[in-house]
Amino acid sequence: MAVVVLVGVLCWVRVRVGGDDWLWAVAGVAVVLLWVAAVVFRSRGTRLRRALLVTGAVVLSPLLVVGGMYGWLLVENMGTPAQTARGRGTDALWLGHAWVDGRRSQTDIDALVGRVRQAGIRDLYVHAGPLADDGSLDPSLRPTANRLIESVHRAAPTVRVQAWLGNVVAADRLRLDDPATRTRVLDSATRVLADGFDGIHYDFEPVAEGSRGFLDVLTGTRALTRARNAVLSVATNQLEPIPGAHIPGQVLFGRPHWWSVDYFGQVARAVDQIAIMTYDTGIPTEGAYSGYFSVQTRLAVRVVPADVDLVLGIPAYHEIEAMHTSAETVAPALRGLRLALGDDPPGRAVGAALYVDVTATDDDWAQYFAGWAGSPR
């Protein structure tokens, strides 16, 4: 029990105090090793019995660490969100492909604009791809994009309509480490900007920790968007809650669940807007998920530069999978966001980004208005 408590306290202090060096990870390992050492020192009896006790202590160590971190997340969920922690008109919404391929009518667009204005949503990430594996983009995928863009601009001039582009990153799919592929990605971005989109929203998955090719794409695209007074945004991995947490996934699967604070900061400095995909965590309970969401918000506010827009992805989809649990819903996500912002929000707007319109139910929207955007006007 002492190990569980100490691990939880270490995690809590690290997020509150800050500091992203390896001392926090070393301290956590030291706690576990001291516990194993205590078991060895206190064990009595035959060599076999002592060996079994030590083996049991080593095997139990990961479970104790997980238990400590789970308890920490529950502590992060304690308290009552401040009434002042609410949306400030900087939210975003991911929109499916039907909005640019002709399946949505003008009536649908008018209804969308009405809801966007009620909610204070500023950015629409409209699926205009996907990019082909070579980085090119088929122009026939977006035949009615102009109608959507013009309708939104006419009815809600402050709303930015961004082209959501992406693909699966892999050796046999989209290769961001290939210069020719990156050139075609930039050409695709140029083409959608020529359509009238207000920006580019990239969603490449999975991007490995430290990917130089990804940063090069962002740098090249930002030159394009700045020349056209447009915005560059990107959907990102989550931040590792403790230093080194990204390593297991990177080593075992080649794609981390988290990015390190250092790499996340590099990405943030290369764009105008960050949208963190704060879902698919595998967390089984709403209380722990709220706590985790609060942690992600606190870390992001600390890492993302003040002149870069920050939005946290809110899960408005319901397909239960290994990593997307029934606990990941709109209400606990917004509770965690508000807990992190507290009575004294940071000196910059922090928004919520709903994922995704095609799966969001009336109940999801009701939770969003009640927990963040206020009552619909």
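Look a little higher up for the structure.
The rules behind the values
- For every chain, the first residue of its written sequence is number 1, and the numbers climb from 1 along that sequence.
- This being a predicted model, a pLDDT of at least 70 is required before a residue's local features are given, and a value of 80 or more before pairs of side-chain atoms are given or counted; all residues contribute to the totals for chains, interfaces and linings.
- Each side-chain value is derived from all of the structure's non-hydrogen atoms; neither hydrogens nor water enter the calculation.
- Secondary structure elements follow DSSP: runs of H or I no shorter than four residues count as helices, runs of E no shorter than two count as strands, and numbering proceeds from the N terminus.
- Think of it in three bands: with a 1.4 Å probe and only protein chains considered, a residue is buried below 20% of the maximum accessible area for its type, exposed above 50%, and partly exposed in between.
- Residue contacts are defined here by distance: any two heavy atoms, one from each residue, within 4.5 Å place the two residues in contact.
- The protein chains shown are the only cover counted for residues, whose accessible areas, like all others here, come from Shrake-Rupley with a 1.4 Å probe.
- Paired strands, in this sense, are two strands between which DSSP finds at least two bridges.
- Between the N-to-C directions of two axes lies an angle of 0 to 180 degrees, each axis being a line fitted to C-alpha atoms and, for a helix, fitted only over the stretch in contact.
- Take the buried Ala, Val, Leu, Ile, Met, Phe, Trp, Tyr and Cys residues and link them wherever side-chain atoms come within 4.5 Å; each set so joined is a nonpolar core.
- Throughout this description, the term salt bridge denotes a Lys or Arg side-chain nitrogen within 4 Å of a carboxyl oxygen of Asp or Glu.
- Any angle that is under 35 degrees is reported as roughly parallel, and any over 145 degrees as roughly antiparallel; angles of 65 to 115 degrees are reported as roughly perpendicular and all others as oblique.
- By convention a crossover is right-handed if, when the strands point away from the viewer, the path from the first strand over the helix to the second runs clockwise.

1. Considering the overall build of the chain
Part 1 of the argument: On a plain count of helices and strands, the chain comes out with twelve helices and ten strands.
Part 2 of the argument: Across the 377 residues that make up the chain, the buried fraction comes to 51%.
Part 3 of the argument: Sequence-distant contacts, at least 24 apart, represent 79% of the contacts inside the chain between residues at least 6 apart.
Part 4 of the argument: Of the roughly 16700 Å² of accessible surface on the chain, a fraction of 59% belongs to carbon and sulfur atoms.

2. Concerning the sheet that holds strand E1 (residues 91–95)
Part 1 of the argument: With respect to topology, eight strands assemble into a closed barrel ordered E1-E2-E3-E4-E5-E8-E9-E10, the strand pairing being parallel. On average, each strand axis in the sheet is tilted by 25 degrees relative to the strand beside it, whichever way the strands run.
Part 2 of the argument: With four bridges connecting them, strand E5 (residues 231–236) and strand E8 (residues 273–276) associate as parallel partners. Following the sheet pairing, Thr236 is matched in E8 by Ile276.
Part 3 of the argument: Helix H9 (residues 261–269) contacts E5 and E8 of the sheet and is inclined by roughly 135 degrees relative to E8.

3. Here's the deal with unusual backbone geometry
Part 1 of the argument: The omega torsion of the bond from Gly129 to Pro130 falls at 5 degrees, within 30 degrees of zero and hence cis.
Part 2 of the argument: Put simply, Tyr355 and Val356 share a cis peptide bond, and its omega is 10 degrees.
Part 3 of the argument: The phi dihedral of Asn229 falls on the positive side, at around 55 degrees, and the residue is not glycine.
Part 4 of the argument: Residue position: Asn229 is located in the loop between helix H7 (212–227) and E5.

4. Here we look at the nonpolar core
Part 1 of the argument: Core analysis: the largest hydrophobic core is formed by 103 residues, its most contacted members being Leu124, Tyr202, Phe204, Phe214, Ile274 and Tyr368.
Part 2 of the argument: Of the residues forming this core, the biggest block, eight residues, is contributed by helix H10 (residues 286–303).
Part 3 of the argument: In this structure Tyr368 touches Asp91, Ala119, Ile121, Val330, Leu334, Leu354 and Ala373, once residues within four positions along its chain are discounted.

5. Focus on the pattern of salt bridges
Part 1 of the argument: Tallied over the entire structure, the rule returns 15 salt bridges.
Part 2 of the argument: Linking Arg103 and Asp101 is a salt bridge whose minimum nitrogen-to-oxygen distance equals 2.8 Å.
Part 3 of the argument: Notably, a salt bridge pairs Asp123 with Arg122, separated by 3.3 Å at the nearest N-O pair.
Part 4 of the argument: Residues joined in a network through salt bridges with shared partners are Arg122, Asp123, Arg160 and Asp309.

6. Concerning the packing of helix H4 (residues 106–119) against helix H12 (residues 362–373)
Part 1 of the argument: At a minimum axis separation of 11 Å, H4 and H12 run at an interaxial angle of 25 degrees. The orientation of H4 with respect to H12, classified from their angle, is roughly parallel. On H12, the residues that touch Arg115, Gln118 and Ala119 of H4 are Trp365, Tyr368, Phe369 and Ala373.

7. With respect to the side chain of Arg338
Part 1 of the argument: Take Arg338: it is sitting in helix H11 (residues 330–341).
Part 2 of the argument: In this structure, Arg338 is in contact with Pro81, Ala82, Gln83, Ala85, Arg86, Gly371 and Trp372, ignoring residues within four places of it in sequence.

8. Focus: the pairing of strand E9 (residues 309–315)
Part 1 of the argument: Along E9, six of the seven residues are buried, which leaves the element largely enclosed by surrounding structure.
Part 2 of the argument: With four bridges joining them, E8 and E9 adopt parallel strand pairing. Note on E9: the bridge partner recorded for Gln273 is Asp309.
Part 3 of the argument: Tracing the backbone out of E8, into H10 and back to the parallel element E9 gives a crossover that is right-handed.
Part 4 of the argument: Summarising the sheet, E9 and strand E10 (residues 350–355) pair through six bridges and their orientation is parallel. Residue pairing in the sheet places Ile314 in a bridge with Leu354 of E10.

9. Description of the environment of Leu310
Part 1 of the argument: Considering the arrangement of structural elements, one finds Leu310 in strand E9.
Part 2 of the argument: Along the primary structure Leu310 and Asp91 are separated by 219 residues, whereas in three dimensions their C-alpha atoms are 9.1 Å apart.

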